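Chain residues, written in single-letter form:
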Amino acid sequence: MRLSRFFLPILKENPKEAEIASHRLMLRAGMMRQEAAGIYAWLPLGLRVLKKIEQIVREEQNRAGALELLMPTLQLADLWRESGRYDAYGPEMLRITDRHKRELLFGPTNEEMITEIFRAYVKSYKSLPLNLYHIQWKFRDEQTRIPSTSTRRRRGVPTTRCSSPICAPLHGWD
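Residues numbered from 1 in each chain as written. Predicted model: local features only at pLDDT ≥ 70, side-chain atom pairs only at ≥ 80, totals over all residues. Heavy atoms only, no water.

Peer 1: I keep staring at the overall build of the chain and nothing clicks. Help me out?
Peer 2: Of the regular secondary structure elements, the chain holds five helices and 10 strands. Taken across its 174 residues, the chain has 34% of its residues classed as buried. Total accessible area on the chain is roughly 11500 Å²; 56% of this is exposed by carbon and sulfur atoms. (Helix = DSSP H or I, 4+ residues; strand = E, 2+ residues; numbered from the N terminus. Buried < 20%, exposed > 50% of the residue type's maximum accessible area, 1.4 Å probe, protein only. Areas by Shrake-Rupley, 256 points an atom, 1.4 Å probe, with all protein chains shown as cover.)

So, in structure tokens, the structure goes:
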């Protein structure tokens, strides 16, 4: 596609809400649009970069013998209660109830779910070692500023309050 036809809404001025250099540059370069604090729309250029990074991570994980899977963003609250982290996680966890009155949550991480998958399907040591990974969105409603220990990142993609970072963790069992 010709650059003259490419959707690339660059900004001439630094956005006032952008404090981190990488955040300012990505907004100004037209890679993303900030909808609200921690909520971003990935624009065509940023999405292309994001997909290339995902592909590099995917190739390296596959080369190392890991297997990719995809898990849902919504998770059952019972799984988190069993691990003891449902109440411990605090108000940062977004909890909902569906029309069937089941308690669900938007997964801030997938450790509980991947452990349940492993527990349900791996029945013998002969299945080991097993390395599983996933590349997907997470939801974290983090506090924006905590005195002395800020949760705001200093480099890379901003992932503060109400963020949806893409993570690519590898979970391994020997």
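Peer 1: Honestly, the environment of Lys123 in this entry has me stumped. Any pointers?
Peer 2: Along the chain, Lys123 turns up in the loop between α5 (111-121) and β7 (130-133). Within the structure, the side chain of Lys123 is placed 3.4 Å from the backbone oxygen of Ala120, a separation counted as a polar contact. (Polar contact = N/O pair within 3.5 Å; in protein donor to acceptor, adjacent residues only side chain to side chain.)

Peer 1: Sorry if this is basic, but what is going on with the confidence of the model for the chain here?
Peer 2: The predicted structure's coordinates, where accompanied by low pLDDT, should not be read in detail. On average, residues of the chain score 85 in pLDDT, and 86% of them are at 70 or above. Confidence drops under pLDDT 50 across residues 159-163; counting only partners more than four residues distant or on other chains, this segment forms 26 contacts. (pLDDT = per-residue confidence, 0-100. Contact = heavy atoms within 4.5 Å.)

Peer 1: Mind showing me how you'd approach the sheet that holds strand β5 (residues 95-97) here?
Peer 2: Taking strand neighbours across the sheet as the criterion, the three strands line up as β4-β6-β5 in an open arrangement whose pairing is antiparallel. Two strands in the sheet have a free side with no partner beyond their single neighbour: β4 (74-76) and β5. For this sheet, the mean angle separating the axes of adjacent strands, direction not counted, is 40°. Where β5 meets strand β6 (residues 103-106), three bridges bridge the pair, whose relative direction is antiparallel. Residue pairing for β6: Thr97 is matched across the bridge by Glu103. (Pairing = 2+ DSSP bridges. Axes fitted to C-alpha atoms, helices over the stretch in contact; angles between N-to-C directions.)

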